[in-house]
Amino acid sequence: MTLIAPSLLSADPGRLAEEASAVASAGADWLHLDVMDGNFVPNITFGPWIVKMARQAASIPLDAHLMVADPLFWAPVFAAAGAHYVTIHAEATPHLHKALASIRESGAKAGIALNPGTPISVVEPLIPYLDLIILMGVNPGFSGQPFIPETVDRTRQLADLIAQKGAAILLEVDGGVTAQNSSALAAAGAEILVSGSFLFRSDDYAAAIRELKALF
Ligand code: DX5
Ligand code: ZN
């Protein structure tokens, strides 16, 4: 069964705690937190306080997606703040092993995110250090962008690679996910689907989650 992780980036900014609790009650499996530093991506969102707020508002796993230029500094900070999963970008640092190890040492599960233009093979040497891989379906920075269709094939390739290595790594797709592509992504091997604009645009979060899970 595919898990759904609503991205708080698309929630009503004036009611973040309420929105976090509403999606959890509506059946969201994880809560996705998009952290942007205005440097790795051309947008700025929130700092570690969002994790503390979300922990109080919802009791589902918190999935911190760090789109930051200095993951060596920030990853342990978000883990210490209480994120269950902390994911850094493959493109952000030449010191990926070190950054991933620092996440596990700080008590969180470690993830790596790949931009649409990044070869899948970058994850190969990192497999023992990973709990999660986030495959981007858009170039990171903003919610509401159109899905890049090649992501479905890349999902399949990555799922095959994980299976071939016998690794216990979860595969998540983030960006541009809608009810039009969620079934194809799940069939290709995505285990977690992030949803920002599709879900928060709906006035019935539970129905939107059922639609993404193809449960009618
Ligand atoms: C993009 C973010 C995504 C995004 C998802 O930089 O990492 O999590 O907010 O939003 P939608 O689902 O609208 O693409
Ligand atoms: Zn994200």
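This text goes with the structure placed above it.
K.L.:
Just give me the short version of the sheet that holds strand β7 (residues 170-174), but keep the residues and values in it.
P.N.:
Strand order in the open sheet made by the eight strands is β1-β8-β7-β6-β5-β4-β3-β2, with parallel pairing throughout. Each having just a single partner strand, β1 (3-6) and β2 (31-36) make up the two edges of the open sheet. Adjacent strand axes in the sheet meet at a mean angle of 25 degrees when their direction is disregarded. Sheet topology places β2 next to strand β3 (residues 62-67); six bridges connect them, and they run parallel. In the strand pairing of β3, His32 is matched with Asp63. Relative to strand β6 (residues 132-136), helix α5 (residues 151-165) is tilted by about 160 degrees, and along the sheet it contacts β5 (109-114), β6 and β7.

K.L.:
Let's hear about the packing of aromatic side chains: which residues, and what values?
P.N.:
The way to describe two aromatic rings as a pair is by their centre distance and the angle between their planes. Taken as a whole and judged by the stated rule, the model has five aromatic pairs. An angle of 80 degrees between the planes, with centres 6.2 Å apart, marks the rings of Phe46 and Trp49 as edge-to-face. Given the relative accessible area of 10%, Phe46 is considered buried. Here the aromatic rings of Phe73 and Trp74 are separated by 4.8 Å at their centres, their planes lie at 90 degrees, and the arrangement is edge-to-face.

K.L.:
Please set out the side chain of Thr87 residue by residue, giving values where relevant.
P.N.:
Relative to the helices and strands, Thr87 resides in strand β4 (residues 85-89). Taking the relative accessible area as the measure of exposure, Thr87 reaches 0% and is therefore buried. Dropping the residues within four chain positions of it, Thr87 is found in contact with Asp63, Ala64, His65, Leu66, Gly111, Ile112, Ala113, Leu132 and Ile134.

K.L.:
Which residues make up the nonpolar core, and what values do they have?
P.N.:
Ranked by size, the top nonpolar core spans 65 residues in total, and within it Leu8, Leu31, Leu33, Leu66, Val86, Ile133 and Leu158 carry the most contacts. Counting residues per element, this core draws most heavily on α5, at five residues. Once you skip the residues sitting within four places of it in the chain, Leu66 turns out to touch Val35, Trp74, Ala75, Phe78, Val86, Thr87, Ile88 and His89.

Calculation criteria
- Residues numbered from 1 in each chain as written.
- Chains lettered and ligands numbered in written order.
- Predicted model: local features only at pLDDT ≥ 70, side-chain atom pairs only at ≥ 80, totals over all residues.
- Heavy atoms only, no water.
- Pairing = 2+ DSSP bridges.
- Helix = DSSP H or I, 4+ residues; strand = E, 2+ residues; numbered from the N terminus.
- Axes fitted to C-alpha atoms, helices over the stretch in contact; angles between N-to-C directions.
- Contact = heavy atoms within 4.5 Å.
- Phe/Tyr/Trp six-rings, centres within 6.5 Å; stacked < 30°, edge-to-face > 60°.
- Buried < 20%, exposed > 50% of the residue type's maximum accessible area, 1.4 Å probe, protein only.
- Core = buried A, V, L, I, M, F, W, Y, C linked by side-chain atoms within 4.5 Å.

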